[in-house]
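The primary structure of each chain is shown beneath.
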Amino acid sequence: EMGKEGIERLRVLVVDDELGMRLAVCRALEKFSVRLSDIDGEVGFEIDQAVSGEEALGKMKTAFPDILLLDHKLPGLSGLDVLQTLASAEHDLLTIMITAYASLETAILATKRGAYDFLAKPFTPDELKAAVYKAAKHLVLQRQAKKLAQEKRQFRFQTISIVAHELKAPIAAID
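Before going into details, it helps to say that this report is about the structure given with it. (Residues numbered from 1 in each chain as written. Predicted model: local features only at pLDDT ≥ 70, side-chain atom pairs only at ≥ 80, totals over all residues. Heavy atoms only, no water.)

### Some details on the pairing of strand β4 (residues 67-71)
Each regular strand shows side chains that alternate between the opposite faces of the sheet.
Item 1. Burial of β4 is extensive: five of the five residues sit out of reach of the surface.
Item 2. Relative to β4, strand β1 (residues 8-15) runs parallel, the two sharing four bridges. Residue pairing across strands places leucine 13 opposite leucine 68, the latter belonging to β4.
Item 3. Bridge count for β4 against strand β5 (residues 94-99) is five bridges, and the pairing is parallel. Of the residues in β5, the one forming a bridge with aspartate 71 is isoleucine 98.
Item 4. Where the polypeptide runs from β4 across helix α3 (residues 79-86) and back to β5, its parallel neighbour, the crossover connection is right-handed. (Buried < 20%, exposed > 50% of the residue type's maximum accessible area, 1.4 Å probe, protein only. Helix = DSSP H or I, 4+ residues; strand = E, 2+ residues; numbered from the N terminus. Pairing = 2+ DSSP bridges. Right-handed = clockwise from strand over helix to strand, strands pointing away.)

Structure below.
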């Protein structure tokens, strides 16, 4: 959705049981914006937080974030459980898994369940921004492509309707 100054805002949900972690993410991203030359636009971020997988899924019942920063190790549902639950939902959000225990098995499993990227703890604000930038760019370009495909279909449909109408018109004129 469009925010102030015509900047498109992407919603980011950070899911981590450590308050310090969530605050660090909020601080790093609140004034961060991404310029995308491909679409000649700027993207900013609106950040929301959840302390558990359960709370995150609850929040997603009302509104899906665009980017999910998801800690792997959570009390209750793990990050992988959250990914599993989301796999069946209709959405185009991108998940960046945050993990201090990036075993290969976890990474493979997370990727199979739809994780887009990984961020290893501890990370710097710059590493966070780089991951969010990559996800934001991917998401915006993907949505642009979808919109273009839709417009192309719409145009094709209108063209066919006009041609079909034109084909019927001369017959009506003869009657």
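### Examining the nonpolar core
Item 1. Judged by nonpolar contacts, the single largest core of 26 residues is most densely connected at Phe45, Ile67, Leu69 and Leu128.
Item 2. Secondary structure elements with two or more residues in this core: β1, α1 (19-30), β2 (33-36), β3 (41-50), β4, β5 and α5 (125-174).
Item 3. If you tally residues by element for this core, the top one is α5, at seven residues.
Item 4. With residues near it in sequence (within four places) discarded, leucine 128 still touches Val25, Ala28, Leu29, Leu69, Leu119 and Phe123. (Core = buried A, V, L, I, M, F, W, Y, C linked by side-chain atoms within 4.5 Å. Contact = heavy atoms within 4.5 Å.)

### Overview of the side chain of threonine 95
Item 1. Inspection of the secondary structure puts threonine 95 in strand β5.
Item 2. The exposure class of threonine 95 is buried, given its relative accessible area of 3%.
Item 3. Those residues in contact with threonine 95, other than ones at most four positions away along the chain, are Leu68, Leu70, Leu83, Ala115, Tyr116 and Asp117.

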